[in-house]
Amino acid sequence: MKIGILGAGQLGRMLALAGYPLGLDFAFLDPATEACAAPLGQHLRADYLDEAALQRFCAGIDLATYEFENVPEHAAAFVAARVPLMPGPEALAAGQDRLSEKRLFESLDIPVPRFCAVDSRADLDAATAYTGLPAVLKTRRMGYDGKGQMVLRAAADFDAAWAQLGSQPLIVEAFVAFEREVSCLAVRGRDGGARFYPLVENVHCDGILRTARPLPKDPLQALGERHARAVLERLDYVGVLAFEFFAVGDALLANEIAPRVHNSGHWSIEGAECSQFENHLRAICGLPLGSTRLRGASAMLNFIGTAPATQALAALDGVHVHLYGKTPKPQRKIGHATVTAADQRSLDARLRRVQRLIDRCASA
Ligand code: AMP
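Since this is a predicted model, take the numbers as computed values, not measurements. (Residues numbered from 1 in each chain as written. Predicted model: local features only at pLDDT ≥ 70, side-chain atom pairs only at ≥ 80, totals over all residues. Heavy atoms only, no water.)

Enquirer: Before we go on, may I ask you to explain the packing of aromatic side chains in this structure?
Expert: Aromatic ring pairs: the centre-centre distance and the angle between the two ring planes describe each pair. Using the criterion set out here, one finds seven aromatic pairs in the structure. Aromatic side chains Phe26 and Phe28 sit 6.5 Å apart centroid to centroid with 15 degrees between the ring planes, which places their arrangement in the stacked category. Residue Phe26 is classed as buried on the basis of its relative accessible area, which comes to 2%. Seen in terms of ring centroids, Tyr197 and Trp267 are 6.0 Å apart; in terms of plane orientation they differ by 90 degrees. Their pairing is edge-to-face. In this pair, Tyr197 sits in the loop between β10 (194-196) and β11 (200-205) while Trp267 sits in the loop between β14 (251-258) and α9 (268-271), placing the two residues 70 residues apart along the sequence. According to the relative accessible area criterion, Trp267 is buried, its value standing at 0%. In textbook terms, an aromatic cluster arises when at least three aromatic residues are bridged by ring pairs, as seen for Tyr20, Phe26 and Phe28. For the cation-ring pair, Arg153 lies above Phe175, with the distance from its terminal atom to the ring centre recorded as 5.9 Å. (Phe/Tyr/Trp six-rings, centres within 6.5 Å; stacked < 30°, edge-to-face > 60°. Buried < 20%, exposed > 50% of the residue type's maximum accessible area, 1.4 Å probe, protein only. Helix = DSSP H or I, 4+ residues; strand = E, 2+ residues; numbered from the N terminus. Lys NZ or Arg CZ within 6 Å of the ring centre and 35° of its normal.)

Now the structure itself:
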């Protein structure tokens, strides 16, 4: 069976790596010259809106999915009209606009930070009067890794923020003084059955994910699953969904969903019985879902901008290196390491060693 993937970045690469043992083949459509999944399948290098290319892409595949949530809606509809596209266009659209995403959460009784649409400079004053300060001004579309957003601490920040972001539709959200950021990775099969990975605790810096650690028996697990299940069912979702939350006391405030495999689930390649990548493929192919149970203690550390020498990392027990074949650039995710151990204490000691290597390399 041949799977078509819209997008050919590292997520596509890891999907293909998980799919070959299942006997699957892959084709990617991505306009990028440096598409790091390309060595793992056929790469159609074309714009997402190039209908002749989309037609050729669809002609050679059995079903399609995406690894990039900003695939234009028209491209998704075009593909979905020709081959099964999972998750469906509705799920893709839900994650593309922060305003409709928040309204979806509200309609499902999932708590969200106070928010308000901002379409003019005057709206910004009114919106922040409602959300209070500090607040976060974000573009409704195309934001990722903290791009397209600014924190507003006082009215004196408004003009500069408006000058930077005001040319596009915006949303303002109350700034949440969260205790932790967690994500719930969920997978739903074609038959409607769902499985959930243990909640993952995420640490971001400058809006970019640095570390992700699955937590066995997190007290908020059941709540995270309840919220994720509500979204899966509303969207009649098939595949892996990542749901990011702010944890405040015993509540989870919804931040955003990604209708795809997610950076906060990379640890699952070595840390879970069945990885998020394999489970996404199982779901869309109609295979039984794999177990989401932990295999032991694990955590993931991203390599941002530069990667420590493989030689040094490979010398450490329990360290699994993933390099994406991308040209290093500041603030760019170029790889990650998953660190595994028999228990959380030995994991902490191993993580400190790997973090030291990452820090040494970043400051070199
Ligand atoms: P996002 O692109 O919305 O996931 O934002 C990237 C990161 O910015 C989040 O993971 C948080 O660390 C931070 N952030 C975003 N929105 C808020 C908010 N309303 N309150 C506090 N921190 C936020």
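Don't stop here, the text continues.
Enquirer: What is the right way to read helix α8 (residues 221-234) from this model?
Expert: Residues that lie three or four places apart on an α-helix share one face, since the helix turns once every 3.6 residues. Here α8 spans 20 Å end to end across 14 residues, near enough to the 20 Å set by a 1.5 Å rise per residue. Every buried residue belonging to α8 is among Gln221, Leu223, Gly224, His227, Ala228, Val231 and Leu232, and all of these are buried. (Expected span 1.5 Å × (residues − 1).)

Enquirer: What am I meant to see in the site of the ligand here?
Expert: Around the ligand, the surrounding shell holds 14 residues, and the nearest of these are Arg98, Lys138, Val176, Glu181 and Glu256. A distance of 2.8 Å separates a nitrogen atom of the ligand from a polar atom in the backbone of Val176. A distance of 3.0 Å is found between an oxygen atom of the ligand and a side-chain nitrogen or oxygen belonging to Asn255. Across the complex, the protein chains shield 91% of the 470 Å² of accessible surface that the ligand would expose by itself. Elements represented by at least two residues in the shell around the ligand include exactly β6 (135-139), β8 (170-174) and β14. (Near = heavy atom within 4 Å. Polar contact = N/O pair within 3.5 Å; in protein donor to acceptor, adjacent residues only side chain to side chain. Areas by Shrake-Rupley, 256 points an atom, 1.4 Å probe, with all protein chains shown as cover.)

Enquirer: Where do I start with the sheet that holds strand β5 (residues 115-118) in this structure?
Expert: Backbone hydrogen bonds hold the strands of a sheet together, and the pairing may be parallel or antiparallel. The four strands lie next to each other as β5-β8-β6-β7, forming an open sheet whose pairing is antiparallel. Sheet topology places β5 and β7 (149-152) at the edges, where each strand pairs with a single neighbour. Strand-to-strand twist in this sheet, taken as the mean axis angle between neighbours without regard to direction, amounts to 25 degrees. Of the pairings in the sheet, the one linking β6 to β8 comprises five bridges and is antiparallel in character. Looking at β8, one finds that Ala135 is bridged to Ala174. Contacts between helix α6 (residues 121-131) and the sheet are confined to β5, β6, β7 and β8, with β5 contributing the most and set at about 180 degrees to the helix. Across the sheet, helix α7 (residues 158-165) lies against β5, β6, β7 and β8, angled at about 170 degrees from β7, the strand it touches most. (Pairing = 2+ DSSP bridges. Axes fitted to C-alpha atoms, helices over the stretch in contact; angles between N-to-C directions. Contact = heavy atoms within 4.5 Å.)

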